[in-house]
Amino acid sequence: WIDQVVVRAAAARYPNDTFVFLGPVRTNVSGLRSMGNVVFPGRVGYREVPSYVRFANLCMIPFLDNDVTRSCDPLKALQYIAMRKPVLSTRYGGARDYDGLVCVANTGGEFVDAIETVIARHANVDERIRNKILEDWSWKTVAAKALEHV
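As a starting point, this report considers the structure included with it. Throughout, a residue's number is its position along its own chain's written sequence, starting from 1. Totals for whole chains, interfaces and linings use every residue, but because this is a predicted model, local features are given only for residues with pLDDT of at least 70 and side-chain atom pairs only at 80 or more, for both listing and counting. Heavy atoms from the whole structure form the basis of all side-chain values; hydrogens and water molecules are not counted.

Attention now goes to the pairing of strand β2 (residues 38–42). Remark: exposure states derive from per-residue accessible area (1.4 Å probe, protein chains only) relative to the maximum for the residue type, with buried under 20%, exposed over 50%, and partly exposed in between. Put simply, DSSP marks the helices as runs of H or I at least four residues long and the strands as runs of E at least two long, and each gets a number from the N terminus on. Side chains Val-38, Phe-40 and Gly-42 project from β2 onto a buried face, and the interleaved Val-39 and Pro-41 project onto a face without burial. DSSP calls a pair of strands paired once it identifies at least 2 bridges connecting them. As judged from the three bridges shared by strand β1 (residues 19–22) and β2, these two strands associate in the parallel manner. From the neighbouring strand, Leu-22 faces β2, where its bridge partner is Gly-42.

What follows is the structure in structure tokens.
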């Protein structure tokens, strides 16, 4: 799922920063691990994820664009938004900008170039927009919308 070319470029541009990717590793990432600043702790419990995310300066979703990612809509972006983190994503099927709360890069180069900008502009996020997005995507709201169609 992870675009290793994009991650390698980001890690090379920011050698003093650590890039942490949680979850099971099902592909060869030895090239990324050898960089020294890319870490794969493996699977962590769902309840442990916030303890990792709270230390992040930026939450990234560097997905490949392929058949799998074109049909997915992960909750990661909403979880990162709820934790009040800046979010940067590559373009894939389920990628949304959530009214500007997620920067969606069209290319790997745009992704790497956007890192500093996304972190810097995060201080100016309108909390009313964030709160509306979180309300619109809350389980209560989503369930109510689904029940309208039953």
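Once the structure has been displayed, the description carries forward.
Counting residues in hydrophobic clusters, the biggest one holds 21 residues, and the most contacted among them are Phe-19, Phe-21, Val-38 and Leu-88. Secondary-structure elements contributing two or more residues to this core are α1 (4–13), β1, β2, β5 (102–105) and α6 (108–121). Broken down by element, this core gets its largest block of residues, five residues, from α6. When checking whether two residues touch, look at their non-hydrogen atoms; a contact exists if any pair is within 4.5 Å. Excluding residues within four positions of it along the chain, Val-38 makes contact with Val-7, Ala-11, Phe-19, Phe-21, Leu-32 and Arg-33. Remark: nonpolar core denotes a set of buried residues (Ala, Val, Leu, Ile, Met, Phe, Trp, Tyr, Cys) joined through side-chain atoms within 4.5 Å.

Turning our eyes to something else, we now look at the pattern of salt bridges. Pairs may arise between side chains of opposite charge once their charged atoms sit close together. When a carboxyl oxygen of Asp or Glu lies within 4 Å of a side-chain nitrogen of Lys or Arg, that pair is called a salt bridge. For the structure on display, the rule yields seven salt bridges. Here Asp-67 ties to Arg-70 by a salt bridge, and the two come within 2.9 Å at their closest N and O atoms. Here Asp-67 pairs with Arg-70, and both are found in helix α4 (residues 67–70), just three residues apart, close to one helical turn. Its relative accessible area of 61% is what places Asp-67 among the exposed residues.

To continue, consider the pairing of strand β4 (residues 87–90). Burial of β4 is two-sided: the residues Val-87 and Ser-89 facing one way and the residues Leu-88 and Thr-90 facing the other way are all buried. Strand direction decides the pairing type here: strand β3 (residues 59–61) and β4, joined by three bridges, are parallel. Its bridge partner lying in β4, Ile-61 is registered against Ser-89. With four bridges joining them, β4 and β5 adopt parallel strand pairing. What sits directly across from Ser-89, in β5, is Val-104.

This part covers the layout of surface pockets. Think of a 1 Å grid over the protein atoms and nothing else: a 1.4 Å probe that fits but is trapped marks a cavity, an open set flanked by protein within 12 Å on at least five of seven lines marks a pocket, and residues with an atom within 4 Å of a point count as lining. Grid points are joined across faces, edges and corners, and a volume is the space filled by probe spheres set on the points. Of the voids in this model, the largest pocket is the one considered here, and its volume is about 1,600 Å³. If you go around the largest pocket, you meet 42 residues; those closest to its centre are Val-20, Phe-21, Leu-22, Met-60 and Tyr-80. Each residue is assigned to one of three groups, with Ala, Val, Leu, Ile, Met, Phe, Trp, Tyr, Cys and Pro labelled nonpolar, Asp, Glu, Lys and Arg labelled charged, and all others, Gly among them, labelled polar. Looking at the lining of the largest pocket, its residues break down into 31 nonpolar, six polar and five charged. Roughly 260 Å³ of internal volume is contained in the second largest pocket. Secondary structure elements with two or more residues in the lining of the second largest pocket: α5 (76–82) and α8 (139–148).

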